Every structure is written in C-alpha cells, then in structure tokens.
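Structure assessment
Here is how the chains run, residue by residue.
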Amino acid sequence: MTTTKDRSSRVGALEVHPFAHPQGCRSYLVGDPESRQALAIDPHLDSVGELGATLQRLGWSLRYVVDTHTHADHPSGAAKLAGRFSATRVAHPAGDHQGVKRHPADGDVLHLGDQTITVYHAPGHTPDHLVLLTPDALFSGDTLLIGAVARTDFLGGDAGQLFDSIHRVIAGLRDEIVLYPGHDYQGRTSSTIGHEKATNPWLRIEDREEFHRALTANPPRRPANMDDLLRLNREGTDIATSISAAAAVDRVRQGGAVSVFDVRTAVEVAEEHIAGARHVPLEEIVARADEIRAIPAPRLILCRSGKRAEMARQKLESLGIAGLTVMEGGILGFAAAGGKTEKGKPQMSLERQVRIAAGGLVVVGAALGWLVHPVFFGLSAFVGAGLMFAGITDTCAMGLLIAKMPWNRRPAAAVAPAAGGCAATAPAGGCAATAPAGGCAATPPGA
Ligand SMILES: [Fe+2]
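Quantities reported herein were computed from a predicted structural model and do not represent experimental measurements.

Our next topic: the overall build of the protein chain. Assigned secondary structure in the protein chain consists of 15 helices and 23 strands. Looking at the 447 residues of the protein chain, the share that counts as buried comes to 49%.

By secondary structure assignment, the location of Glu291 is in helix H9 (residues 289-293). The class for Glu291 is partly exposed, based on 16 C-beta atoms found within 10 Å. Sequence separation between Glu291 and Arg278 is 13 residues, and the spatial gap between their C-alpha atoms is 9.8 Å.

So, on to the pairing of strand E3 (residues 14-20). Counting buried residues along E3, six of its seven residues qualify, which places the element largely inside the surrounding structure. Direction of pairing for strand E2 (residues 9-11) relative to E3: antiparallel, over a ladder of three bridges. Of the residues in E3, the one forming a bridge with Val11 is Leu14. Between E2 and E3, which follow one another and run antiparallel, lie two residues, and Gly12 among them has a positive phi close to 65 degrees. Once E3 ends, the chain turns through five residues before running back antiparallel as strand E4 (residues 26-32), passing Gly24 with a positive phi of about 95 degrees.

At their nearest, the axes of helix H3 (residues 159-170) and helix H5 (residues 208-216) sit 8 Å apart, and the two run at 125 degrees to each other. Taken together, the axes of H3 and H5 lie oblique to each other. Here H3 and H5 pass one another in a crossing that is right-handed. Each of Ala159, Gly160 and Phe163 in H3 lies in contact with H5, whose residues at this interface are Arg208, Phe211, His212, Leu215 and Thr216.

Taking strand neighbours across the sheet as the criterion, the five strands line up as E16-E21-E20-E17-E19 in an open arrangement whose pairing is parallel. Edge positions in the sheet fall to strand E16 (242-243) and strand E19 (278-279), since each has one partner strand and no second. Two strands pair when backbone bridges link them, and strand E17 (residues 260-262) and strand E20 (residues 299-302) are joined in this way by three bridges, in the parallel orientation. Looking at E20, one finds that Phe261 is bridged to Ile301. On top of the sheet, helix H10 (residues 307-318) reaches E20 and strand E21 (324-327); it is set at about 170 degrees to E21, its chief contact.

Moving on: the sheet that holds strand E10 (residues 130-133). Pairing is mixed in the open sheet, where six strands are placed in the order E8-E9-E10-E11-E14-E15. In the strand order of this sheet, the two ends are held by strand E8 (108-112) and strand E15 (191-192), each with one partner. Relative to strand E11 (residues 137-141), E10 is paired through two bridges, and the arrangement is antiparallel. Its bridge partner being in E11, Leu133 is matched across the sheet by Leu138.

Parameters and conventions
Residue indices begin from 1 for each chain and proceed along its sequence in written order. In keeping with the predicted nature of the model, local features appear solely for residues at pLDDT of at least 70, side-chain atom pairs appear and are counted solely at 80 or more, and the whole-chain, interface and lining totals rest on all residues. Working definition: helices are DSSP H or I runs of at least four residues, strands are E runs of at least two. Numbering for both runs from the N terminus. Partly exposed residues are those falling between the two cut-offs: more than 12 but fewer than 20 other C-beta atoms within 10 Å of their own, whereas 20 or more means buried and 12 or fewer means exposed, with C-beta atoms placed from the backbone. At least two DSSP bridges between two strands are required for those strands to pair. In this analysis, axes come from line fits to C-alpha atoms, helices being fitted only over the stretch in contact, and the angle between any two N-to-C directions falls in the range 0 to 180 degrees. Relative orientations are named as follows: roughly parallel for angles under 35 degrees, roughly antiparallel for angles over 145 degrees, roughly perpendicular for angles from 65 to 115 degrees, and oblique for any other angle. Handedness of a crossing is defined here by the sense of rotation of the near helix relative to the far one, left-handed for an anticlockwise turn of less than a right angle and right-handed for a clockwise turn. Contact between two residues is assigned whenever their backbone-derived C-beta positions fall within 7 Å.

Here it is, written out as structure tokens:
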C-alpha cells in the first residue's frame, strides 16, 4: 500500500478522489466537473504532492481546504496545499488554527459551482469536529468510521457528544448516502449509511450512557508524537529539516524513538543503536518507502554523523514523503549529548575492517609495483586518494562495500526491532475505537 490515490468515483454530480496513507489516514479531493472547482478534505502532509498533481491533471481549481478537526495522529497538509493553490482554509473556530480564513457555523454551505456541500458541527472526537454532506455522500472525518467510531479520550473529546453528533447529523441520513471516513485501518475505501446501520455495532447502541460507558472503558494508547503534531497542526508551521543532537535526545526521551529510523549499515547498527529505532539501510529506503511513510511523523533520520541521513531525507522528499528531520551529528552526536544507546556484542568494527582492507591494498600495490610492474603503484595511490576523499566527504565507498560482505550481514530485526511493529498502522494510537470495550468482543453489550 502506498500513499496513493485510490480509484475515483462519481457520487451524484460530484467526483470524489480518495487518497490513502499507510498510517490509515484518508484524504479526499471533491470536485464539480462542470465548474472544475474542487475542495480538499483532511490532506495528509505526505499526500500534498499527490493531491496537487491530481488537481493539475484534472484542470481543477482548488477553492477550499477543509480540516475536519485538529489532527493528533498525523501532520496536516492543509496550510501547504492551500498556500500552493491560493485556496481558502476551512476549520471550526474551536480548533484555533492559524491561517484559517473561514470558520463555518453549523449548517453553512460551501459552493463548488452550482453544487452545494453542507458543513455540520459534530463534536465528540474533538470539540472542533466538522462533517461535510453532499446530496449523496458524507465525509465523516473522525466521527463514524467503517464498522467503528472515533475515539474520544484526548483533546477535549467527549463520548456523549459523539453519540449526540452521530444521532443528530448522521444516523437519520438516507441509506444510500456513501460514507467516506477520515481513517480506515484495514484498507477499506467507503461504505454506505445503510450498511453501517446494519453492521456497525456502535450504531446499535441506542442508550447514550451505554455508548459513553463502552467507548471510555478501555482507551487506546495516545498517538505517537501527539504534542508535536498538535503544535504543528495548529500553527501550520513546517517540520524542521534538522534538529540538534540535544533536541533529539529530548524527543527520544519523551517516547519519540518510535519515529526514529536509522539508515546506517547493519554492522554499524549492531555496534550501537537507539533502542526502538527502525533500521532501514540507506540503499533500501526507496524500496521501503511505504514502511517509512507508516512511521509516525515527525520522523527523525539517524546515521553515523548526519551525512547519510541528509541524503536519505532528500531522496525521500523527492518521493513526496514529508515530515523528515535529520538528527544532526548522528549517533555520535546523540551519544555525546547524553542520549541512551545500546551497544551490541564486541566485534570488529567496520572502521577497523576498512583500515585493514585499505592498508592491505596499499601493501599489495607497493609490492606488486616493486616486484612485477610499476603500474601497480597506481593501486596504492588510488586507495590513498580514496581514503582522502572519504575523510573529506565523510562517505566511505569501501566501508559500504565491506558492510555488504556476508560476515557483516545480519537480519535487521535482530539488531534493531522495528519501532512499534504494526502499531503505526493499527487502530491503537490512531483515531479509531474499533470495537466496544470488552476485549475481543466485536459488538457492544446488549447489541
Ligand atoms: Fe482524528
């Protein structure tokens, strides 16, 4: 699964282009093909490039960018997308987002040509939550999800208010209305109100107190980096491209290791690493780009000294991945700043292997040059020049080559377990409360 555009659909007079993110977030472009006017809903920062390319391909002009609520689990791309296309940002005033020009009241209407989209205030997941209703589709953000409802345990959320919002705005809609949620953690793209009425266990709870009790009984853990994300999403600022080692130490201490990925070689990681950081060697970052997208932003990139991390950042940014920050000074700086690292079993370091290999080649070159032919002195000169280049640029081709030798290869998971495992894409830590409290019970008590 990639941060890609799902198949578009014609829903009534409007065209809907959904974009899925490996974290389970869903963004939408909704356009009127007649007027060629469009609005974007909940653009993920990683999806801004894809949304922009779709707008340009279709020749649509972007009128509005709507954040249905203050996102706590991913960086919003609303400010960036709206700035790029001179569109009006829309959000509820309770969100207090900087740069928002339109604060709709309950029942306000947005226009795309002759088409209308009604905005309703639907608090519960957060106090500032909006849902958008076209004549044929509901963009529910994090209220009603497919087979689930949103969690309400942070940011002033309220389970009783969510019950009220669902029953005031959503439950009475026509069965044929297509449901486009703000999240889905199982790769589903849409549902219908009728299907949810028939199958969603949360819609079967008719008693407000029972709904409240079930939803608040067993709250999932908080999203990773929630405080950072709230600040970024409220202030609309960019994520820093690099941070100092001291700042990185603070972030990791606060639980941010889940967002660190280490682009060094396996042998370097085995020697010393940050517990919980994910290992994605530099030469594998393109092939494993989706895995990196699934790491909660802001993502910290780590190498030995910062050089390879910057190369990785630039490469990943060219693939449309945003929210990447280089850890200045790499693991050397991190350890020097007091960061806690874990060291592996003593073994011959990569640097020592390079010294032995380079020295050996110089000796062999000199011996062959003396015994066989002077041209072999060139081998020694070549190795010497390579070492000088490595010293100046802090990149060592010989080291990278030696790191690929069989004795230096080991399964990445054995030296650095993937941070969070499936947690980055699972409901826990996201915005959904996929099942009522009661452990594995898929349906609520009394349903
Ligand atoms: Fe949310």
